[in-house]
Amino acid sequence: MAQMRKTQKDRGARARELDGYAKIDQYNPDAIKRIAGSYRDILKDIGEDPEREGLVKTPERVAKALQFLTHGNDLDPAAILRSAMFKEEYQQMVIVKDIEIYSLCEHHMLPFFGKAHVAYIPNGYIVGLSKIPRVVDAFARRLQVQERLTVEIRNCIQDTLKPLGVAVVIEAQHLCMIMRGVQKQHSIATTSAFTGEFQQDRTRAEFIRLVSKRGD
Ligand SMILES: [Zn+2]
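None of these values were measured; they are calculated from a predicted model.

### A word on unusual backbone geometry
The residue Asp98 is not glycine, and still its phi comes out positive at about 55°. Position of Asp98 among the secondary structure elements: in strand 2 (residues 94-105). According to the relative accessible area criterion, Asp98 is partly exposed, its value standing at 28%.

### Observations concerning the nonpolar core
Taken as a class, soluble globular proteins show a tendency for nonpolar side chains to be buried jointly. Counting 30 residues, the largest nonpolar core has Val118, Tyr120, Ile132, Leu149, Ile153, Ile157 and Ile170 as the members making the most contacts within it. At the level of elements, helix 4 (77-82), strand 2, strand 3 (111-121), helix 5 (131-140), helix 6 (146-161) and strand 6 (165-174) are the ones that each hand at least two residues to this core. Every residue in contact with Leu149, bar those within four places of it in the chain, is listed here: Ile101, Phe112, Val136, Phe139, Ala140, Gln144 and Ile170. The next biggest cluster of nonpolar side chains, apart from the first, holds nine residues, and it includes Ile121, Val169, Phe194 and Phe198.

### A word on the packing of helix 5 against helix 6
Their axes nearest at 10 Å, the elements helix 5 and helix 6 cross at an angle of 135°. Between helix 5 and helix 6, the crossing angle belongs to the class labelled oblique. In this structure, the crossing between helix 5 and helix 6 has a hand that is right-handed. Note on element contacts: helix 6 touches helix 5 through Leu149, Glu152, Ile153, Cys156 and Ile157, opposite Ile132, Val135, Val136, Phe139 and Ala140. Among the residues forming the contact of helix 5 with helix 6, the class breakdown is nine nonpolar, no polar and one charged.

Definitions and cut-offs
Residues numbered from 1 in each chain as written. Predicted model: local features only at pLDDT ≥ 70, side-chain atom pairs only at ≥ 80, totals over all residues. Heavy atoms only, no water. Helix = DSSP H or I, 4+ residues; strand = E, 2+ residues; numbered from the N terminus. Buried < 20%, exposed > 50% of the residue type's maximum accessible area, 1.4 Å probe, protein only. Core = buried A, V, L, I, M, F, W, Y, C linked by side-chain atoms within 4.5 Å. Contact = heavy atoms within 4.5 Å. Axes fitted to C-alpha atoms, helices over the stretch in contact; angles between N-to-C directions. Parallel < 35°, antiparallel > 145°, perpendicular 65-115°, else oblique. Left-handed = near helix turned anticlockwise from the far one by under 90°. Nonpolar A, V, L, I, M, F, W, Y, C, P; charged D, E, K, R; others polar.

Next comes the structure, spelled out in structure tokens:
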């Protein structure tokens, strides 16, 4: 228990230190050791020999990969936005489209990946454009479901920037669908979430038209 409390405290301190968004490339050595130990057992349980040459370092590699792929847990997406908000009278739609996303589905811990399209209509404040993909990444680098990822991005922008509306569309392929089970090789799941002015058909249609345009 004391251990757990300490870890949570460390996390908060680390998030503050990183000002919400610096990429984490140092690892927590204690967690790496524990995760690697578990993966050694998993290798045995699937009939492998964890001591054979190709696998000797695999548990540590997997542990580090997992820490990287979930480092969004240590980030504060709202702080990312707050770090670059500017007063501005611009009140037209701002769109950042084709943002690459890589996430892990929380049901199988297999990747899902694709593109996110995000738009907002400012209401007194705009945000540095590069922050939008960072917010997407901060939520994607966790165990997720696509539906929640979509809504979390929308809510974070809505609550922090308080714009006239937010639109988020995510199109993604899920390896848990493609590699196993139904094996629908090319199926893409699309999720969307809207607030404010994007709930009006005309505004939403304009957004969809603009993000659907290809080959600029
Ligand atoms: Zn899955």
